[in-house]
Amino acid sequence: ETPISGEIHGFLKADKSPYLVTGNITVHEGNALIIEPGTTLRFEPNTGLEVRGGQLVVVGSEQSPVYFQSAQKDSPQKTWKGIAITGKAPSEMRHVKISNASTGILVENGLLNLWFSEINHSQNRGLYARNSQVSIQDCEFADNANVAVHSGAYSQVLLERSHLTRNKVGLLIS
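For clarity, every value in this text was computed on a predicted model and none was experimentally measured.

## Structural notes on the overall build of the protein chain
- Along the backbone of the protein chain there are 0 helices and 19 strands.
- Over its C-alpha atoms the protein chain spans a radius of gyration of 14 Å, differing by no more than 12% from the 16 Å that the globule rule assigns to 174 residues.
- The dimensions of the protein chain, computed from C-alpha atoms along their principal axes, are 40 × 40 × 30 Å.
- Out of the 174 residues belonging to the protein chain, those deemed buried represent 45%.
- For the protein chain, the proportion of contacts with a sequence separation of at least 24, taken over those separated by at least 6, is 36%.
- Carbon and sulfur atoms make up 47% of the accessible area of the protein chain, which amounts to about 8,000 Å² in all.
- For the protein chain, the separation between the mean place of its 15 positive charges and that of its 16 negative charges on side chains is 4 Å.

## Focus: the pattern of salt bridges
- Tallied over the full model, the rule gives 9 salt bridges.
- Here Glu-1 and Arg-42 are joined by a salt bridge, their closest N and O atoms 3.2 Å apart. With a gap of 41 residues between them, Glu-1 in the segment before strand 1 (2-7) and Arg-42 in strand 5 (residues 40-43) connect regions that are remote in the sequence.
- Its relative accessible area of 57% is what places Glu-1 among the exposed residues.
- When salt bridges with common partners are traced through the structure, they connect Asp-138, Glu-160 and Arg-161 into a single cluster.

## A word on the nonpolar core
- Phe-68, Met-93 and Ile-105 are the most contacted members of the largest nonpolar core, which has 37 residues in total.
- Dropping the residues within four chain positions of it, Ile-105 is found in contact with Ile-83, Ile-85, Met-93, Ile-98, Leu-112, Leu-114, Ile-119, Gly-126, Leu-127 and Tyr-128.

## So, the packing of aromatic side chains
- Going through the model one piece at a time under the given rule, you end up with 2 aromatic pairs.
- With 6.4 Å between their ring centres and 25° between their planes, Phe-43 and Phe-68 make a pair best called stacked. Residue Phe-43 is located in strand 5, and its partner Phe-68 is located in strand 8 (residues 66-70); the two are separated by 25 residues in the primary sequence.
- Owing to a relative accessible area of 0%, Phe-68 belongs among the buried residues under this scheme.
- Counting every residue linked through ring pairs, the aromatic cluster contains Phe-43, Phe-68 and Trp-80.
- In this structure, Arg-125 is placed above the aromatic ring of Tyr-128, and the distance from its NZ or CZ to the ring centre is 3.8 Å.

Parameters and conventions
- Residues numbered from 1 in each chain as written.
- Predicted model: local features only at pLDDT ≥ 70, side-chain atom pairs only at ≥ 80, totals over all residues.
- Heavy atoms only, no water.
- Helix = DSSP H or I, 4+ residues; strand = E, 2+ residues; numbered from the N terminus.
- Rg over C-alpha atoms; globule rule 2.2 N^0.38 Å.
- Buried < 20%, exposed > 50% of the residue type's maximum accessible area, 1.4 Å probe, protein only.
- Contact = heavy atoms within 4.5 Å.
- Areas by Shrake-Rupley, 256 points an atom, 1.4 Å probe, with all protein chains shown as cover.
- Lys, Arg positive; Asp, Glu negative; His and termini not counted.
- Charge placed at Lys NZ, Arg CZ, Asp CG, Glu CD.
- Salt bridge = Lys/Arg side-chain N within 4 Å of Asp/Glu carboxyl O.
- Core = buried A, V, L, I, M, F, W, Y, C linked by side-chain atoms within 4.5 Å.
- Phe/Tyr/Trp six-rings, centres within 6.5 Å; stacked < 30°, edge-to-face > 60°.
- Lys NZ or Arg CZ within 6 Å of the ring centre and 35° of its normal.

Pasting the structure below:
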């Protein structure tokens, strides 16, 4: 495992994967983080990925998805914070598998395109959009303890060809 924490930009390459996130990782305004197909990020409890005005581009493929998961496989405390995206730089995620986060993806005052991805076993929400524009296509949200997709506070969420299964609440608009 390759340990990472702190400010980050550039590429996360599959050949250095899996990455062990030992502290929050942050992409600041003016920077971009590109994550290659086949990359795995394992997050210690209470850590997450924060995109603060920067850009996140996750380019998984059907054969080589990108995994965001807890580093604590058999522990009752297997929750990590999730991915938070803020700011107007558009982020794109395709063929991503996110599991066991507090909130899989939070988009606040931001833009996100999410395609061909799975978000499951989140403690709070699979995806939460606040004052944001989010396009979700061909995705699956399953077994999230509360809400699969929450569109709140002036958000525009486009949800197409996606499945919301075995969640407490599938879609919440507030």
